[in-house]
Number of protein chains: 2
Amino acid sequence: MSLAARADRLAEVVAGEGLDQLIVGDLVRPGDSSPDASASARWLTGFTGTSALAIVGPRARMFITDFRYTERAEREVDGAFERVTASSRLLPELASHLEGRVGFDDAATSVASLGKLEEKLADGIELVATTGLVERLRRQKDEGEQEAIAEAARLADEVYESVLAPGLAGRSERQVARAAEARIRELGGEPSFPAIVAAGSNGALPHAEPSEREIASGELVVWDMGAKLDGYCSDCTRTFAVGEPGGEARDVYELVRRAQAAGLDAVRAGVGGAEADEVARALIRDAGHGERFGHGLGHGVGLEIHESPRLGPRSEDELLAGDVVSVEPGVYVGGSFGVRIEDLVVVTEDACRNLSTLPKELRLVD
Amino acid sequence: MSLAARADRLAEVVAGEGLDQLIVGDLVRPGDSSPDASASARWLTGFTGTSALAIVGPRARMFITDFRYTERAEREVDGAFERVTASSRLLPELASHLEGRVGFDDAATSVASLGKLEEKLADGIELVATTGLVERLRRQKDEGEQEAIAEAARLADEVYESVLAPGLAGRSERQVARAAEARIRELGGEPSFPAIVAAGSNGALPHAEPSEREIASGELVVWDMGAKLDGYCSDCTRTFAVGEPGGEARDVYELVRRAQAAGLDAVRAGVGGAEADEVARALIRDAGHGERFGHGLGHGVGLEIHESPRLGPRSEDELLAGDVVSVEPGVYVGGSFGVRIEDLVVVTEDACRNLSTLPKELRLVD
């Protein structure tokens with residue numbers, strides 16, 4: 001889908017909501033956003049900077065940035081948009097272009113920004129809270145986006161192999177994590193989040209931060225990482241054994257592997273996020289480890305590492321063709337070890353396409 | 001100032017505002033914050049994670065995180081705080097502990113979060129918008145914080161030297177920037193922002209992104225970078241000449257150097273941010289380059305790379321002892337070259353203490 005087509009599609013949604021315009025972009029720290037907060041503006045306009053607001057409606061295609069990014073906006077922003085450089089701050093510039101009933105995203109707007117915007121509005125303009133209108137369109141990835149995510153996933157897969165090559169025993173969790181992040185950068189990407197490398201009992205903490213703990217023989221190592229390439233994220237987890245991990249760890253590993261395979265089998269358009277989760281969770285529960293799988297089965301991935309939809313017991317989302325989601329069951333045996341196996345897949349009408357290429361048999365490394 | 005003393009000081013401010021409690025932390029993406037968004041919670045409690053809300057008031061010291069961080073909270077959060085792990089999401093847990101007149105920060109709270117919080121409130125609890133109560137306390141850095149920032153600045157200074165060692169000519173801007181960021185990480189820090197390395201005419205763009213452009217002999221190179229160490233940021237800019245840059249570039253360089261020195265001389269407690277800016281700006285304006293200094297003189301630096309106070313023509317801030325601010329005039333000659341020189345200083349009662357150790361005479365490198 002071209003950028004112009006995205007704007008047209010969004011304009012239809014805006015009209016369907018009874019609005020004249022929708023503000024797209026970060027109204028929490030306008031002009032000083034994080035890349036994540038700028039994701040919707042990027043998706044809509046192609047702009048890769050962090051100071052960006054857009055106005056879209058049936059009769060509006062406007063892009064606003066500040067003087068630092070005028071040239072970049074000329075180069076990157078789709079020609080369907082009129083490009084404007086704010087003379088000082090973004091909010092007053094934005095306010096001067098609003099007309100009619102104007103939607104803003106309530107999760108991307110701070111109470112302070114809303115107040116400032118209201119102060120500057122001309123008479124007759126009405127601000128209306130909306131939720132996730134752009135995020136909903138961003139869910140289903142077009143072919144170019146799927147390829148960008150697949151490319152980021154391939155990069156991360158390559159990083160696993162090269163960082164694994166000298167073995168894990170005797171290296172600290174932090175050394176391995178920092179080596180992986182450095183290798184991602186050498187290959188032209190950025191980490192899509194700080195890598196998790198958690199050995200032995202640390203593996204039982206689903207979001208352990210890599211520590212100075214030395215990885216020892218006989219331990220399982222949960223290694224969760226992703227790359228960001230051209231703005232798009234990947235996300236993958238593998239659990240490796242450093243030498244022979246023993247029977248209990250092998251049993252749990254096989255259980256998680258079966259649960260992950262079952263989760264993958266369940267993912268297709270039309271299935272509920274709770275339903276897919278339950279398929280994997282039932283296997284883990286039936287094996288007596290139900291209490292040890294304390295997070296959801298997965299989440300959408302795209303310009304942000306966590307997007308819609310959610311796969312989990314309380315999810316009300318239904319999977320759609322083009323969703324890119326993680327499938328990542330885990331079992332965490334407190335004080336002992338953990339296992340998580342995660343792939344990234346594109347949801348299709350009748351199944352899913354796996355973007356992760358690493359094998360999932362238990363791999364024993366040095 | 002101990003963490004407990006910070007909480008006591010904040011409780012006084014809260015009482016002074018006629019409030020029973022203040023919510024501290026990110027109410028835009030609670031549970032999924034960026035490190036920047038978590039800075040106030042970190043300053044107050046010592047917690048280094050990204051899922052944190054605190055409640056402070058004359059009779060309240062509470063810290064809330066989720067299951068991922070229970071153990072870290074036990075380890076890091078000051079003992080003055082009762083530590084609570086939310087059973088699911090942070091907002092409902094937060095709501096259940098609120099009492100009386102409760103302040104929230106309007107810049108750190110999304111319209112959506114405010115709505116969700118209001119839905120969950122018991123009768124008789126009133127939410128009151130406040131602005132920057134914690135940020136105002138964070139401005140004046142105690143000795144430990146000053147030392148942390150100085151240490152980050154020393155690390156960055158060391159990185160300049162080691163990345164400069166092989167010379168700049170023939171390397172791309174991006175290669176130099178990536179080498180600098182990699183070296184910061186090798187030394188145990190993180191970049192406090194993506195490094196800017198801008199050669200020749202790219203130097204005329206104050207926030208140029210490092211490009212594939214090869215740095216050539218005869219060019220000026222604007223190099224702006226900082227390190228983050230133990231949570232605290234540094235910020236520094238030097239402009240180097242790759243071989244002889246010629247008379248015009250030398251003249252502009254000396255002008256910026258004089259303006260920067262004058263700015264440093266002007267910085268002390270009691271001086272206005274606009275006043276300090278004007279001292280440096282007047283020199284640049286008198287030399288006929290007034291239109292070529294299109295940004296403010298500086299900004300506060302601490303747990304975030306941009307904090308209060310601001311030094312610039314429209315600033316209404318007055319400098320206070322303990323403020324840590326950048327002093328960074330620049331002249332940008334469009335299509336030709338740019339010069340910026342930036343130090344980081346601690347404001348004292350009668351002057352300022354410079355945390356940057358690199359010389360400022362024009363340095364010719366290979």
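Think of each chain on its own: its residues are numbered from 1, step by step along the sequence as written. Chains and ligands are labelled by the order in which they are written, letters from A for the one and numbers from 1 for the other. Reporting in this predicted model follows two pLDDT cut-offs: at least 70 for local features of residues, and 80 or more for side-chain atom pairs to be given and counted; totals over whole chains, interfaces and linings ignore these cut-offs and use all residues. Think of the side-chain values as coming from all heavy atoms in the structure, minus any hydrogens and water.

Caption draft 1: Spotlight on the overall build of chain A. Numbering goes from the N terminus for both helices and strands, where a helix is a DSSP run of H or I of at least four residues and a strand is a run of E of at least two. In terms of helices and strands, chain A carries 10 helices and 20 strands. For 366 residues, the compact-globule formula gives about 21 Å, and the C-alpha radius of gyration of chain A, at 23 Å, lands near that figure. By its C-alpha atoms, chain A is 70 × 40 × 35 Å across when sized along the principal axes. A 1.4 Å probe rolled over the protein chains alone gives each residue an accessible area, and that area as a share of the maximum for its type sets the label: buried under 20%, exposed over 50%, partly exposed in between. Taking all 366 residues of chain A together, 59% fall into the buried category. When the accessible surface of chain A is totalled, it reaches about 14,300 Å², and 47% of it is carbon and sulfur. Think of it this way: Lys and Arg go in the positive column, Asp and Glu in the negative one, and His and the chain ends go nowhere. Here the site of a charge means atom NZ of a Lys, CZ of an Arg, CG of an Asp or CD of a Glu. Of the charged side chains in chain A, 40 are positive and 64 negative, and the gap between their average positions amounts to 2 Å. Put simply, the radius of gyration uses C-alpha atoms, and a globule should come to 2.2 Å times the residue count raised to 0.38. Exposure was quantified through the Shrake-Rupley algorithm and a 1.4 Å probe, taking into account, for residues, occlusion by the shown protein chains and nothing else.

Caption draft 2: Just the relation of the copies chain B and chain A, in detail. The copies are overlaid by a least-squares fit using only the C-alpha atoms of residues whose pLDDT is at least 70 in both copies. After a rotation of 180° and a shift along the axis of 0.0 Å, chain B superposes on chain A with an RMSD of 0.0 Å. The superposition of one copy onto the other is thereby described by a two-fold rotation axis. Of the C-alpha atoms belonging to chain B, the one lying closest to the rotation axis is found on Ser110 of chain B, 2.0 Å away. The contact criterion used is simple: two residues touch if any of their non-hydrogen atoms lie within 4.5 Å. By residue overlap, the copies meet face to face through one surface: 100% of the interface positions of chain B are interface positions in chain A.

Caption draft 3: Inspection of the layout of surface pockets at higher detail. Residues and elements named next belong to chain B. Buried and open spaces are told apart on a 1 Å grid over the protein atoms alone, a cavity being a set of points where a 1.4 Å probe fits but cannot get out and a pocket being an open set with protein on both sides within 12 Å along at least five of seven lines. Residues with an atom within 4 Å of a point are the lining residues. Grid points are joined across faces, edges and corners, and a volume is the space filled by probe spheres set on the points. Here the second largest pocket is characterised by a volume of approximately 190 Å³. What lines the second largest pocket is Asp20, Gln21, Ile55, Arg59, Ala60, Arg61, Met62, Glu82, His97, Glu99 and Gly100. The element best represented in the lining of the second largest pocket is strand E3 (residues 60-65), accounting for 3 residues. Grouping the constituent residues of the lining of the second largest pocket by class yields 3 nonpolar, 3 polar and 5 charged. We call Asp, Glu, Lys and Arg charged. Ala, Val, Leu, Ile, Met, Phe, Trp, Tyr, Cys and Pro are nonpolar, and the rest, Gly among them, are polar.

Caption draft 4: Region of interest: the packing of helix H9 (residues 247-266) of chain A against helix H10 (residues 273-286) of chain A. Residues and elements named next belong to chain A. The contact between H9 and H10 brings their axes to 8 Å, and the two run at 160°. In terms of their interaxial angle, H9 and H10 are classed as roughly antiparallel. You can see that H9 and H10 cross each other, and the crossing is right-handed. For the pair formed by H9 and H10, the contact residues are Leu255, Arg258, Ala259, Ala262, Gly263 and Ala266 on the first element and Ala276, Val279, Ala280, Leu283 and Ile284 on the second. Considering only residue class, the contact of H9 with H10 consists of 9 nonpolar, 1 polar and 1 charged. Helix axes use the C-alpha atoms of the stretch in contact, all axes being lines fitted to C-alpha atoms, and the angles between their N-to-C directions lie in the range 0 to 180 degrees. Working definition: roughly parallel below 35 degrees, roughly antiparallel above 145 degrees, roughly perpendicular at 65 to 115 degrees, and oblique for all remaining angles. Crossing handedness follows the turn of the near helix against the far one: under a right angle anticlockwise gives a left-handed crossing, and clockwise gives a right-handed one.

Caption draft 5: A look at helix H5 (residues 111-120) of chain A. Along H5 of chain A, the residues that are buried comprise Val111, Ala112, Ser113, Leu114 and Leu117 of chain A. Buried-residue contacts for H5 of chain A involve strand E1 (21-25), helix H4 (90-96), strand E5 (101-105) and strand E6 (126-130) of chain A together with strand E5 (101-105) and helix H5 (111-120) of chain B.

Caption draft 6: Highlighting the packing of aromatic side chains. Pairing of aromatic side chains requires ring centres within 6.5 Å, counting the rings of Phe and Tyr and the six-membered ring of Trp. Pairs whose planes differ by under 30 degrees are stacked, by over 60 edge-to-face, and all others tilted. One pass over the structure, following the stated rule, counts 10 aromatic pairs over all chains. Ring centres of Trp223 of chain A and Phe240 of chain A lie 5.9 Å apart, and the angle between their planes is 70°; this geometry places the pair in the edge-to-face category. Of this pair, Trp223 of chain A sits in strand E9 (residues 220-225) while Phe240 of chain A sits in strand E12 (residues 236-242), placing them 17 residues apart in sequence. Its relative accessible area of 0% is what places Trp223 of chain A among the buried residues. The buried category is assigned to Phe240 of chain A, whose relative accessible area is 4%. Plain terms: the ring middles of Tyr160 of chain B and Trp223 of chain B are 4.9 Å apart, the flat faces sit at 55° to each other, and that makes the pair tilted. Here Trp223 of chain B lies in strand E9 (residues 220-225) and Tyr160 of chain B lies in helix H7 (residues 143-164), a separation of 63 residues in the sequence. Judged by its relative accessible area of 0%, Tyr160 of chain B falls in the buried class. Aromatic rings pair up to connect Phe47, Phe63 and Tyr69 of chain A into one cluster. Positioned over the ring face of Phe293 of chain A is Arg281 of chain A, at 3.9 Å from the centre of the ring. The criterion for a charge sitting over a ring is simple: Lys NZ or Arg CZ within 6 Å of the ring centre, and within 35 degrees of the ring normal.

Caption draft 7: Structural context of the sheet that holds strand E7 (residues 190-191) of chain B. Residue and element names in this part refer to chain B. Spatially, the 3 strands line up as an open sheet ordered E7-E10-E11, and their pairing is antiparallel. Two strands in the sheet have a free side with no partner beyond their single neighbour: E7 and strand E11 (232-233). Note: strand E10 (residues 227-229) against E11, 2 bridges, orientation antiparallel. Looking across to E11, one finds that Leu229 is bridged to Tyr232. Strand pairing follows a simple DSSP-based rule, namely that at least 2 bridges must link the two strands.

Caption draft 8: View of the pairing of strand E1 (residues 21-25) of chain B. Residue and element names in this part refer to chain B. Counting buried residues along E1, 5 of its 5 residues qualify, which places the element largely inside the surrounding structure. Side chains of E1 alternate between two faces, with Gln21, Ile23 and Gly25 and Leu22 and Val24 buried alike. For E1 and E5, the ladder comprises 2 bridges, and the chain directions are parallel. Residue pairing in the sheet places Leu22 in a bridge with Gly103 of E5.

Caption draft 9: Examining the pattern of salt bridges more closely. A pair is scored as a salt bridge if a Lys or Arg side-chain nitrogen falls within 4 Å of a carboxyl oxygen belonging to Asp or Glu. If you walk through the whole model with that rule in mind, you get 65 salt bridges over all chains. Close ionic contact of Arg213 of chain A with Glu219 of chain A constitutes a salt bridge, the shortest N to O distance being 3.0 Å. Arg68 of chain B is the partner of Asp66 of chain B in a salt bridge, and the nearest nitrogen-oxygen pair spans 2.8 Å. In this structure Arg68 of chain B comes out as partly exposed when scored by relative accessible area, which is 23%. Among the charged side chains, a network of salt bridges with common partners joins Arg29 and Asp32 of chain A together with Glu135, Arg138, Lys141, Glu304 and Glu307 of chain B.

Caption draft 10: Spatial organisation of empty space enclosed by the protein. All names here are of chain B. The tally for this structure, following the rule as stated, stands at 2 cavities of 30 Å³ or more. Space inside the largest cavity adds up to approximately 70 Å³. Lining the largest cavity, in full, are Arg238, Thr239, Phe240, Tyr253, Leu358, Pro359, Lys360, Glu361 and Arg363. Among the residues forming the lining of the largest cavity, the class breakdown is 4 nonpolar, 1 polar and 4 charged.

Caption draft 11: Inspection of the domain arrangement of chain A at higher detail. Residue and element names in this part refer to chain A. Marked domain ranges trace back to an automatic or database domain assignment. Entries for chain A in the domain assignment read domain 1 (3-138) and domain 2 (143-365). The C-alpha-based centres of domain 1 and domain 2 are spaced at 34 Å. Taken together, the 7 residues of domain 1 in the interface contact 8 residues of domain 2. Here's the idea: put two parts together, see how much 1.4 Å probe accessible area each one loses, and the total over both is what we call buried area. Buried surface at the junction of domain 1 and domain 2, both sides included, amounts to about 670 Å², of which 40% is carbon and sulfur. When the buried surface of domain 1 facing domain 2 is broken down by residue, Asp36, Arg42 and Arg138 rank first, second and third, together holding 63% of it. The residue Asp36 makes a salt bridge to Lys228 at a minimum N-O spacing of 3.8 Å. Contacts described as polar in this section are N or O atom pairs within 3.5 Å, which, within protein, must combine one atom able to donate a hydrogen with one able to accept it, while residues neighboring in sequence count only if both atoms come from side chains. The tally of links between domain 1 and domain 2 comes to 3 residue pairs in polar contact (both at pLDDT 80 or more). Here the element with the most residues in the side of domain 1 that touches domain 2 is helix H2 (residues 39-45); it accounts for 3 residues.

Caption draft 12: Structural context of the interface of chain B and chain A. Across the contact, 26 residues belong to chain B and 26 residues belong to chain A. Linking chain B with chain A are 4 salt bridges. Close ionic contact of Arg29 of chain B with Glu304 of chain A constitutes a salt bridge, the shortest N to O distance being 3.0 Å. Linking chain B with chain A are 10 residue pairs in polar contact (both at pLDDT 80 or more). Counting only elements with at least two residues in the side of chain B that touches chain A, the list comes to helix H3 (70-76) and H5 of chain B.

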